[in-house]
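Listed below are the residues making up each chain.
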Amino acid sequence: MKISVIGTGYVGLVVGTCFAESGNDVICVDVDEQKLRTLKRGESPIFEPGLTDLLKKNIEEKRLVFTSDLEVAVKKCDVIFLALPTPQAEDGSADLQHVLEVAKKIGKFMNGYKVIVNKSTVPVGTGDRVREIVSKETKQPFDVISNPEFLKEGAAVNDFMKPDRVVIGGDSPKALAIMADLYAPFVRTGNPLIQMDMHSSELTKYAANAFLATKVTFMNEVANLCEQVGADVDMVRKGMGTDPRIGMQFLFAGVGYGGSCFPKDVSALLNTSRSYECELHILNSVEDANRRQKMVLVNKMRKHYGTSLKGKSVAVWGLAFKPNTDDMREAPALTIIDALVHEGVMIRAYDPEAMEEAKRRLGKSVKYYDNNYDALKGADALVVVTEWNEFRRPDFDRIKLLMKEPVIFDGRNVYDPKIMKEKGFVYYGIGRGR
Ligand code: NAD
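Residues numbered from 1 in each chain as written. Predicted model: local features only at pLDDT ≥ 70, side-chain atom pairs only at ≥ 80, totals over all residues. Heavy atoms only, no water.

(A) Inspection of the packing of aromatic side chains at higher detail. One pass over the full model with this rule turns up 16 aromatic pairs. Relative to F262, the ring of F250 lies with its centre 6.1 Å away and its plane at 45°, an arrangement referred to as tilted. In this pair, F250 sits in the loop between α10 (233–241) and α11 (262–275) while F262 sits in helix α11, placing the two residues 12 residues apart along the sequence. Ring pairs connect the aromatic residues F19, F81, F160, Y183 and F186, which therefore count as one cluster. When the ring centre of F150 is taken as origin, the NZ or CZ atom of R165, which lies over that ring, is 3.6 Å away. Residue placement shows K174 over the ring face of Y113; its charged tip is 3.7 Å from the ring centre. (Phe/Tyr/Trp six-rings, centres within 6.5 Å; stacked < 30°, edge-to-face > 60°. Helix = DSSP H or I, 4+ residues; strand = E, 2+ residues; numbered from the N terminus. Lys NZ or Arg CZ within 6 Å of the ring centre and 35° of its normal.)

(B) Here's a closer look at the domain arrangement of the chain. For the chain, the assigned domains read domain 1 (2–196), domain 2 (205–292) and domain 3 (294–428). One C-alpha centre belongs to domain 2, the other to domain 3, and the line joining them spans 24 Å. Domain 2 puts 15 residues into the contact, and the matching count from domain 3 is 16 residues. Interface of domain 2 and domain 3: buried area, both sides summed, is about 1100 Å²; carbon and sulfur atoms make up 53% of it. For domain 2, the biggest contributors to the area lost against domain 3 are V255, G259 and S260; these three give 45% of the whole. Where domain 2 meets domain 3, there are 1 salt bridge. Of the charged contacts, one joins E227 and K300 as a salt bridge, the two residues approaching to 2.6 Å between their closest N and O atoms. Applying the counting criterion to the domain 2 and domain 3 interface returns 7 residue pairs in polar contact (both at pLDDT 80 or more). Elements that contribute at least two residues to the side of domain 2 that touches domain 3 include exactly α9 (198–229) and α12 (281–293). Looking at the side of domain 2 that touches domain 3 element by element, the count peaks at 3 residues for α12. Considering only residue class, the side of domain 2 that touches domain 3 consists of 5 nonpolar, 7 polar and 3 charged. (Domains from an automatic or database assignment. Contact = heavy atoms within 4.5 Å. Buried area = accessible area lost by both parts, 1.4 Å probe. Salt bridge = Lys/Arg side-chain N within 4 Å of Asp/Glu carboxyl O. Polar contact = N/O pair within 3.5 Å; in protein donor to acceptor, adjacent residues only side chain to side chain. Nonpolar A, V, L, I, M, F, W, Y, C, P; charged D, E, K, R; others polar.)

(C) Representation of the packing of helix α5 (residues 97–109) against helix α6 (residues 126–137) within the structure. For the pair α5 and α6, the least separation of the axes is 7 Å and the interaxial angle reads 35°. Where α5 crosses over α6, the handedness of that crossing is right-handed. From α5, V99, L100, A103, K104, G107 and K108 reach across to α6, where they touch T126, R129, V130, I133, V134 and E137. (Axes fitted to C-alpha atoms, helices over the stretch in contact; angles between N-to-C directions. Left-handed = near helix turned anticlockwise from the far one by under 90°.)

(D) Spatial organisation of empty space enclosed by the protein. Applying the stated criterion across every chain, the model contains 1 cavity of 30 Å³ or more. As for the largest cavity, its lining consists of N118, S120, T121, V122, S146, N147, P148, E202 and K205. Counted by class, the lining of the largest cavity contains 2 nonpolar, 5 polar and 2 charged residues. (1 Å grid on protein atoms, 1.4 Å probe; cavity = no way out; pocket = protein on both sides within 12 Å on 5 of 7 lines; lining within 4 Å. Points joined across faces, edges and corners; volume = space filled by probe spheres on them.)

(E) Region of the structure containing the pairing of strand β7 (residues 166–169). With burial as the criterion, each face of β7 is covered, one bearing V166 and I168 and the other bearing V167 and G169. Strand direction decides the pairing type here: β7 and strand β8 (residues 193–196), joined by 4 bridges, are parallel. If you follow V167 over to β8, its bridge partner there is I194. Between the parallel elements β7 and β8, the chain passes through helix α8 (residues 173–183) in a crossover that is right-handed. (Buried < 20%, exposed > 50% of the residue type's maximum accessible area, 1.4 Å probe, protein only. Pairing = 2+ DSSP bridges. Right-handed = clockwise from strand over helix to strand, strands pointing away.)

Here it is in structure tokens:
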């Protein structure tokens, strides 16, 4: 099939590359010329495990091309995926300007039947708006399909190649058949391709993300209670998660959720619920609790030092919002570092992949180091914000020698409190007893 993917970011690039890998001819479109130059060289502008090899291979085999020319992409392709940003607008809703603008242009360039597939996370009714906009611009036949994306950054290629499920929303048998054909190579093992109406499909994505955000937040609140009552959240997690109705995933306590999806999707769903006067009370609390959770380490530091944090030097390990990505959108590290810098703390930061992004976002307010040990030199405390694998088994003797004081604030419960005590560290985790 001839496919175009409009928007070549974390989702569009993975989707385009994986569809090329399954034998389709794919044109990826973006407005960012620098990104396009990087991609044309066969380099990935983002860190995503396994992506670069697939990218290079499919460019070489001429199944994958990159362009800023939307007209060519629309005219040459039968299926057009929208993988455009839908960031949070000022009022908390999803900002649809990119999606709606591109829809209008697609309408103008139509030269025959097309399936326009929305992969962006969009509020219920957006597919209807896209259909309206396109039909004002063209007399050519077309269908609009909702196909929300569930990939996780850090495991995106694998998630796309072996999806738990594929959700397709729409009512045109012709378009649904094309979608089923396109996804057939990815659901061969029997994972379901679930067809539904467009509104249900659009809402499914928000409901799934909001539920996961709630699960994380619930566990964070249980962790805070563990600290008060003298319980260990890791034991509670194991005891709870082994119940198959609950499940082990997304039960790790930490410093709050971040990233490019949960915060904006929770906010957009709340916005939708309010506009229908059907308040989602739980989600209101999730948003509030998560905002507070991002500050738990800062509060622990304030309590530990008793006085002002001014003049302290703090090493921060991990800046990306989670491991295996360089994405820092809404990363808890940003909130934590902002608060500490505001209080006069000197930050010595390290992340295995997000250093460039961190420099762009945090500038000179922070000192950056090439490895995690250099960041520790003379530090009063170590703060672990992202649980990268390389932080799991460090040389604690070396850490102790490098730091001014052996104090660790572990925002991801990477270390065992007992071992930390044995090794002579003052250790603070999340929800690990009093
Ligand atoms: P992104 O910001 O990484 O990528 C979007 C790309 O679109 C950018 O490269 C940008 O330059 C490009 N773009 C903007 N306007 C354009 C235009 N007019 N024409 C062509 N290209 C244009 O965003 P993302 O993380 O890939 O997310 C895209 C959508 O997918 C969002 O709705 C998001 O909620 C959803 N989503 C994201 C993830 C994720 O993990 N990142 C997962 C599932 C769903």
